[in-house]
Amino acid sequence: MPGLIRGVARTAVVAGTATAVSNRVSRRQAGRWARQDAQEYAPPASDPYAAQAPHPAAQPAELSSGDKIAQLKELGELRAQGVLTEEEFENQKRAVLGG
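Sequence positions are assigned chain by chain, starting from 1 and proceeding in written order. Side-chain atom pairs in this predicted model are given and counted only at pLDDT of 80 or more, local residue features only at pLDDT of at least 70, and totals for whole chains, interfaces and linings cover all residues. Just so you know, side-chain values use all the structure's heavy atoms and leave hydrogens and water out.

Before going further, it helps to examine helix α3 (residues 86-97). Helix length check: α3 (12 residues) gives 16 Å between terminal C-alpha atoms against 16 Å at 1.5 Å per residue, within 8%. Positive backbone phi, approximately 80 degrees, marks Gly98, located one or two places after α3. Put simply, DSSP marks the helices as runs of H or I at least four residues long and the strands as runs of E at least two long, and each gets a number from the N terminus on. In this scheme, a helix's expected span is set at 1.5 Å multiplied by one less than its residue total.

The structure is reproduced here in structure tokens:
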């Protein structure tokens, strides 16, 4: 029975890590594609509307302290799994804490 539990636990860890890595790759690819689309479809320099200031981005809703703690725990788990580097973890932590 312990061998079965160990096998199930190992499978859960591998599946969780694979999901986290897959999601991260998907986000990176989506970001790359968005940048490529922005470059391809940028208005020409002679366009009079191109000189207008862009609309300010909508500010995300303020997170409750419980949400912040949950996000920090998730970030810590991703760092422990090796999905996030120390630098990426620190940047994300600063973003969650608002600093």
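Glancing now at the nonpolar core. Buried residues of nine kinds, namely Ala, Val, Leu, Ile, Met, Phe, Trp, Tyr and Cys, make up a nonpolar core once their side-chain atoms join them within 4.5 Å. For every residue, the accessible area (1.4 Å probe, protein chains only) is compared with the maximum for its type, and the residue is labelled buried under 20%, exposed over 50%, or partly exposed between those bounds. By size, the foremost hydrophobic cluster in this structure holds 7 residues: Ala20, Leu75, Leu78, Val83, Leu84, Phe89 and Val96. Looking at this core, the elements that each hand over two or more residues are α2 (65-81) and α3.

Axes, fitted as lines to C-alpha atoms, cover a helix only where it is in contact. Angles between the N-to-C directions of the axes lie from 0 to 180 degrees. Contact geometry for α2 and α3: axes closest at 10 Å, N-to-C directions at 175 degrees. Here α2 lies roughly antiparallel to α3, going by the angle between them. Between α2 and α3, the residues in contact are Lys68, Gln71, Leu72, Leu75, Gly76 and Arg79 and Glu86, Phe89, Gln92, Lys93, Val96 and Leu97, respectively. Residue composition of the contact of α2 with α3, grouped by class: 5 nonpolar, 3 polar and 4 charged. Any angle that falls under 35 degrees is termed roughly parallel, while one over 145 is termed roughly antiparallel, one within 65 to 115 roughly perpendicular, and all others oblique. We call two residues contacting when some pair of their heavy atoms lies within 4.5 Å. Just so you know the grouping, Ala, Val, Leu, Ile, Met, Phe, Trp, Tyr, Cys and Pro go in nonpolar, Asp, Glu, Lys and Arg go in charged, and all remaining residues, Gly too, go in polar.

When we look at a pair of aromatic rings, we describe it by the centre distance and by the angle of the planes. Aromatic pairs are defined between Phe, Tyr and Trp rings, using the six-membered ring for Trp, whenever the two ring centres lie within 6.5 Å; interplanar angles under 30 degrees are classed as stacked, those over 60 as edge-to-face, and all others as tilted. In the structure shown here, the tally under the stated rule is 0 aromatic pairs. Two limits define a charge over a ring: the Lys NZ or Arg CZ must be within 6 Å of the ring centre, and within 35 degrees of the ring normal. Over the face of the ring belonging to Phe89 we find Arg79, whose NZ or CZ atom lies 3.9 Å from the ring centre.

Time to look at the pattern of salt bridges. Pairing is possible between side chains of opposite charge, provided their charged atoms come close. Criterion for a salt bridge: a side-chain nitrogen of Lys or Arg within 4 Å of a carboxyl oxygen of Asp or Glu. The full count for this structure, using the stated rule, is 4 salt bridges. Taking the shortest distance from any N to any O, the salt bridge between Glu88 and Arg28 comes out at 3.7 Å. Note that Glu88 is positioned in helix α3 and Arg28 in helix α1 (residues 2-40), a separation of 60 residues in sequence. Judged by relative accessible area, which is 24%, Glu88 ranks as partly exposed. Note that Glu86 is salt-bridged to Arg79, the shortest N-O span being 3.3 Å. Counted as one network, the salt bridges with shared partners bring together Arg24, Arg28 and Glu88.

Turning our eyes to something else, we now look at the confidence of the model for the protein chain. Confidence in the prediction of the protein chain, expressed as mean pLDDT, is 77, and 75% of residues score 70 or more. Confidence of the predictor in every single residue is expressed as pLDDT, which spans 0 to 100. The element-level mean pLDDT for the protein chain is lowest in α1, coming to 80, with α3 highest at 88.

With that settled, the discussion passes to α2. Between the first and last C-alpha of α2 there are 24 Å, a value that for 17 residues agrees with the 24 Å anticipated at 1.5 Å per step. The set of residues buried in α2 consists of Lys68, Leu75 and Leu78. All buried residues of α2 lie within an arc of 85 degrees about the axis, which places them on one face of the element. The exposed set on the far side of α2, more than 90 degrees from its buried face, consists of Ser65, Lys73 and Ala80. A positive backbone phi angle near 90 degrees is found at Gly82, which sits one or two residues after α2. Each direction from the helix axis to a C-beta atom contributes to the arc, which is the arc of those directions.

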